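Report on the structure
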Amino acid sequence: MAETEKRTKSSSTLLTVIIAFVANVLVAAAKSVAAVLSGSASMAAEAAHSWADTGNQVFLFFAERRSARPRDKSHPMGYGREAYVWSMFAAFGLFTAGAVVSIMHGIQEIIAPEPAADFTVAYIVLAVAFVFEGVSFVQAFRQTRKAAHELERHTLEQVLISSDPTLRAVFAEDAAALIGLVVAFVGVFLHQVTGSPLPDAIGSIVVGVLLAVVAVVLIDRNRRFLVGQGVTPDIERSMARRVLEHRDIARLTYLHLEFVGPRKLYLVAAVDLEGDHPEHEVAVALRRIERELEDHETVEEAVLTLATLDEAALRF
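Residues numbered from 1 in each chain as written. Predicted model: local features only at pLDDT ≥ 70, side-chain atom pairs only at ≥ 80, totals over all residues. Heavy atoms only, no water.

Under an unreviewed UniProt entry, the chain has the name Cation diffusion facilitator family transporter and belongs to Pseudarthrobacter defluvii. Here the chain is described in UniProt, under the heading Subcellular location (unreviewed entry), as follows: "Membrane". (UniProt positions renumbered as here; feature names shortened; annotations may be inferred.)

Attention shifts here to the nonpolar core. Counting 37 residues, the largest nonpolar core has M43, L60, L94, V170, L211, V214 and L218 as the members making the most contacts within it. Elements with a minimum of two residues in this core: α1 (2-38), α2 (41-67), α3 (82-111), α4 (119-150), α6 (165-194) and α7 (198-226). Sort the elements by how many residues they give to this core and α6 lands first, with nine residues. Residues in contact with L60, not counting those within four places in the same chain, are V17, S87, A90, T166, A169 and V170. Core analysis: the next-biggest nonpolar cluster, separate from the first, contains 24 residues, V243, L267, A269 and A302 among them. (Core = buried A, V, L, I, M, F, W, Y, C linked by side-chain atoms within 4.5 Å. Buried < 20%, exposed > 50% of the residue type's maximum accessible area, 1.4 Å probe, protein only. Helix = DSSP H or I, 4+ residues; strand = E, 2+ residues; numbered from the N terminus. Contact = heavy atoms within 4.5 Å.)

Here we come to unusual backbone geometry. Phi at R263 takes a positive value of approximately 60°, unusual for a residue other than glycine. The residue R263 is located in the loop between β1 (249-261) and β2 (264-273) in this model.

UniProt annotation of "transmembrane region" (unreviewed entry) refers to residues 12-37, 84-107, 119-141, 175-195 and 201-219 when read in the numbering used here. Taken end to end, residues 119-141 is 100% helix and 0% strand, and its first and last C-alpha atoms sit 32 Å apart. Across residues 175-195 one finds 95% helix and 0% strand; the C-alpha atoms that close the span lie 30 Å apart.

Consecutive side chains along a regular strand alternate between the two faces of the sheet. With nine of ten residues buried, β2 lies mostly within the body of the structure. Linkage of β1 to β2, two consecutive antiparallel strands, is achieved through a turn of two residues, within which R263 is found at a positive phi near 60°. As judged from the seven bridges shared by β2 and strand β3 (residues 299-306), these two strands associate in the parallel manner. In the strand pairing of β3, L265 is matched with V299. (Pairing = 2+ DSSP bridges.)

As a further point, take the packing of α4 against α6. Interhelical geometry of α4 versus α6 gives an angle of 160° and a closest axis separation of 9 Å. Relative to α6, the element α4 lies roughly antiparallel. Where α4 crosses over α6, the handedness of that crossing is left-handed. Residues that form the contact of α4 with α6 fall into these classes: 21 nonpolar, six polar and two charged. (Axes fitted to C-alpha atoms, helices over the stretch in contact; angles between N-to-C directions. Parallel < 35°, antiparallel > 145°, perpendicular 65-115°, else oblique. Left-handed = near helix turned anticlockwise from the far one by under 90°. Nonpolar A, V, L, I, M, F, W, Y, C, P; charged D, E, K, R; others polar.)

Scanning the model with the defined rule gives eight aromatic pairs in all. Their ring planes at 85° and their centres at 5.5 Å tell us that W86 and F89 sit as a pair that is edge-to-face. In this pair, W86 and F89 are both assigned in helix α3, three residues apart and thus about one turn of the helix distant. Look at W86 and you get buried, because its relative accessible area is 19%. (Phe/Tyr/Trp six-rings, centres within 6.5 Å; stacked < 30°, edge-to-face > 60°.)

This next bit is on α6. Taking 1.5 Å as the rise per residue, α6 with 30 residues should run 44 Å; its terminal C-alpha atoms sit 42 Å apart, in good agreement. You can read the cap of α6 off the contacts: a side-chain oxygen lies 3.2 Å from the backbone nitrogen of T166, and it is on D164. Positive backbone phi, at 80°, marks G195, one or two positions downstream of α6. (Expected span 1.5 Å × (residues − 1). Polar contact = N/O pair within 3.5 Å; in protein donor to acceptor, adjacent residues only side chain to side chain.)

Let us look at the side chain of E290. Checked against the element boundaries, E290 lands in helix α9 (residues 279-294). A relative accessible area of 5% means that E290 is categorised as buried. E290 has contacts with A302, V303 and L304, leaving out every residue within four places of it along the chain.

As a further point, take the environment of V186. Looking at where V186 falls in the secondary structure, it is placed in helix α6. Exposure remark for V186: the relative accessible area of 39% places this residue in the partly exposed category. Once the C-alpha coordinates of V186 and P199 are considered, the two residues, 13 residues apart in sequence, prove to be 8.1 Å apart.

Right, dumping it as structure tokens:
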């Protein structure tokens, strides 16, 4: 049952990545054509943004696939942390290929402006892009909201503190894409109305700054999980209750939880068992309970030890 649930959640995230990739390829191609035809700086920035997102989806695909591999002798805790490594690559790609290019293009447009041509093409592409990006964002939003509901969190809170870097990246990039499209529309519109390329160039810079902020947030979140992000109090309480609900456990005096991948926890606990059994029976019971705890969808490995009589029981 646990393995089935893990595969289902992983498949949902993979579907979200694939939808985002297809949407970004179509949008990036359309924006590139519109940027050439219209000469809009904001549209060029949006094209760079979409191509960066397209490349990032490849990194996120690797993140989801490689992190799902089962643990082996060389990786006793599994390969879950690979998700944070590949998601980090995606975040750096968003910063360099998206943010930096957009800001540089906006500055160049201010220094040496180029005349704009066909604004109609730009408007049509922005509208189509908004639809495609919207479809991708809705998929990411639905999956994030479902995960937030299971953990009794707000959707945006789930985005920020979730252990799933792939879903966070798709959600953040799609949200930034929709905001960027609105900024690009305003820049193109003001360019057309005023005849000045300055609003369009400023729009390109704003899009770049937006992407930089999103990239820095994603980099920081991945860094935290790579160096050993602690679990939130709600997850700690949930896992403590699960341990204490076991029929053979009387007390819990120590609990250590650490993320070793998306939705994967390493659990160490000191417990007092029910009854008074010989040492060899206790050892067997502890190993059996560890395996039963690992049947839970989020527990990658459980290690139990006996609590001493003087240790106070944890209260949750």
